[in-house]
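Inside the fold
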Amino acid sequence: MAALAGVSIATASKALNGRQDVRDSTRQRVLEAARELAFQPNELARGLLSGQTRTVGLLTSDSAGRFGIPVLLGAEDAFGAGEMAVLLCDARGDAIREQHHLRALLSRRIDGLIVVGESTDPRPSVSSDVPVPVVYAYGPSEDPADVSFVPDDVGGAAMAVRHLLAMGRRRVAHVTGPAHYKAARDREEGAAPGPGRGGGGADGTDAVRAMVAAVGAACRRDAADGRA
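One structure accompanies this document, and this report is about it. (Residues numbered from 1 in each chain as written. Predicted model: local features only at pLDDT ≥ 70, side-chain atom pairs only at ≥ 80, totals over all residues. Heavy atoms only, no water.)

Brief notes about the overall build of the protein
In terms of helices and strands, the protein carries 9 helices and 5 strands. Along its sequence from the N terminus, the protein presents helices and strands in the succession α-α-α-α-β-α-β-α-β-β-β-α-α-α. Relative to its full complement of 228 residues, the protein shows a buried share of 33%. Counting only contacts in the protein whose residues sit at least 6 apart along the sequence, the fraction spanning at least 24 positions is 52%. Looking at the protein as shown, the accessible area adds up to about 13,600 Å², and 56% of this sits on carbon and sulfur atoms. (Helix = DSSP H or I, 4+ residues; strand = E, 2+ residues; numbered from the N terminus. Buried < 20%, exposed > 50% of the residue type's maximum accessible area, 1.4 Å probe, protein only. Contact = heavy atoms within 4.5 Å. Areas by Shrake-Rupley, 256 points an atom, 1.4 Å probe, with all protein chains shown as cover.)

Quick look at the sheet that holds strand β1 (residues 55–60)
Strand pairing within a sheet occurs via backbone hydrogen bonds; the two strands may be parallel or antiparallel. The parallel open sheet is built from 5 strands, whose spatial order is β2-β1-β3-β4-β5. On the outer flanks of this sheet lie β2 (85–90) and β5 (147–149), each paired with one strand and no other. If you compare each strand with its neighbour and ignore which way they point, the axes differ by 20 degrees on average. Taken strand by strand, helix α6 (residues 95–107) contacts β1, β2 and β3 (112–116), and its axis lies near 160 degrees from that of β2. (Pairing = 2+ DSSP bridges. Axes fitted to C-alpha atoms, helices over the stretch in contact; angles between N-to-C directions.)

Overview of the environment of L31
Summarising the element assignment, L31 is placed in helix α3 (residues 24–36). Sequence separation between L31 and A15 is 16 residues; the distance between their C-alpha atoms is 7.7 Å.

A look at a nonpolar patch on the surface
The grouping of L4, L37 and F39 at the surface amounts to a nonpolar patch, some 270 Å² of accessible area in total. Its place among the elements puts L37 in the loop between α3 and α4 (43–50). (Patch = residues over 30% accessible without salt bridge, like charges linked within 9 Å, V, L, I, M, F, W, Y side chains within 5 Å. Salt bridge = Lys/Arg side-chain N within 4 Å of Asp/Glu carboxyl O.)

Here's the deal with the pairing of β3
By the criterion of burial, β3 is predominantly enclosed, with 5 of the 5 residues buried. Both β1 and β3 contribute to a ladder of 5 bridges, which runs parallel. Looking at the pairing, V56 lines up with G112 of β3. With 4 bridges joining them, β3 and strand β4 (residues 134–137) adopt parallel strand pairing. Pairing of V115 across the sheet is with Y136, part of β4.

Considering the nonpolar core
Among the nonpolar cores identified, the biggest contains 13 residues, and L59, L102, L113, V115, V126, V130 and V134 are the most heavily contacted of them. Every element with two or more residues in this core is listed here: α6, β3 and β4. If sequence neighbours within four positions are ignored, V126 has contacts with E98, L102, L113, V115, V134 and Y136. (Core = buried A, V, L, I, M, F, W, Y, C linked by side-chain atoms within 4.5 Å.)

What about the environment of P124?
Mapped onto the fold, P124 is located in the loop between β3 and β4. Placed 16 residues apart in sequence, P124 and P140 show a C-alpha to C-alpha distance of 8.8 Å. Not counting chain neighbours up to four residues away, the residues in contact with P124 comprise Y136 and E142.

Some thoughts on the pattern of salt bridges
Under the criterion given, the structure shown has 3 salt bridges. Put simply, D186 and K182 hold a salt bridge, and the shortest N to O gap is 2.7 Å. Of the two residues, D186 and K182 both sit in helix α8 (residues 182–191), 4 residues apart, roughly one turn of that helix. Exposure remark for K182: the relative accessible area of 27% places this residue in the partly exposed category.

Quick look at unusual backbone geometry
The backbone phi angle of R54 is positive, close to 55 degrees, even though this residue is not glycine. Its place among the elements puts R54 in the loop between α4 and β1.

Let's talk about the pairing of β1
In terms of burial, β1 is largely enclosed, as 6 of its 6 residues are buried. Side chains of β1 alternate between two faces, with T55, G57 and L59 and V56, L58 and T60 buried alike. For β1 and β2, the ladder comprises 6 bridges, and the chain directions are parallel. Looking at β2, one finds that L59 is bridged to C89.

Written as structure tokens, this is what we have:
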């Protein structure tokens, strides 16, 4: 390629890597030669020189893909502009499999790691064992020093109740989930009347409080009976 462009190998490398100490006319000749020869840079060699592989690992236990896949698509959209790739690994809730995937990702010299939870329940931190930046999505890390991005289930439930009340509804029921599931507890908290949430008192939302408590208790009893 350097010979076709009429430049040295060093100059061709500078042009391909966007170095500023190459004239525009020379850079254009090199790029045209690269297109003509269908040249593809060796990313492994680039990584050895730069210390970056332009890859990010995404580790999930969400085998159904309800949350892992949307996070993956968002990560690809965000990293795509920088020509970075995302490597997906599914641990399927198995701690041994998770450690295997961590070792495999680190052996590929990833530049960062996204850990996606299968629920909003806090999960054990892996940051101390990983020499690259780690971000937790959907399921937070148990370590408050880690960076975690989680949904606002309390605020979401409160917003839903406020919307119904604003439409003039006064008999609002909230069907919750198992008590051991943090998202279910958070949504029940958000749906219950209180300051900054659904309101309360004379506007009829005392009925909401009673119905939320009754339906929540019934669901927890059913869940307990099912586990028994």
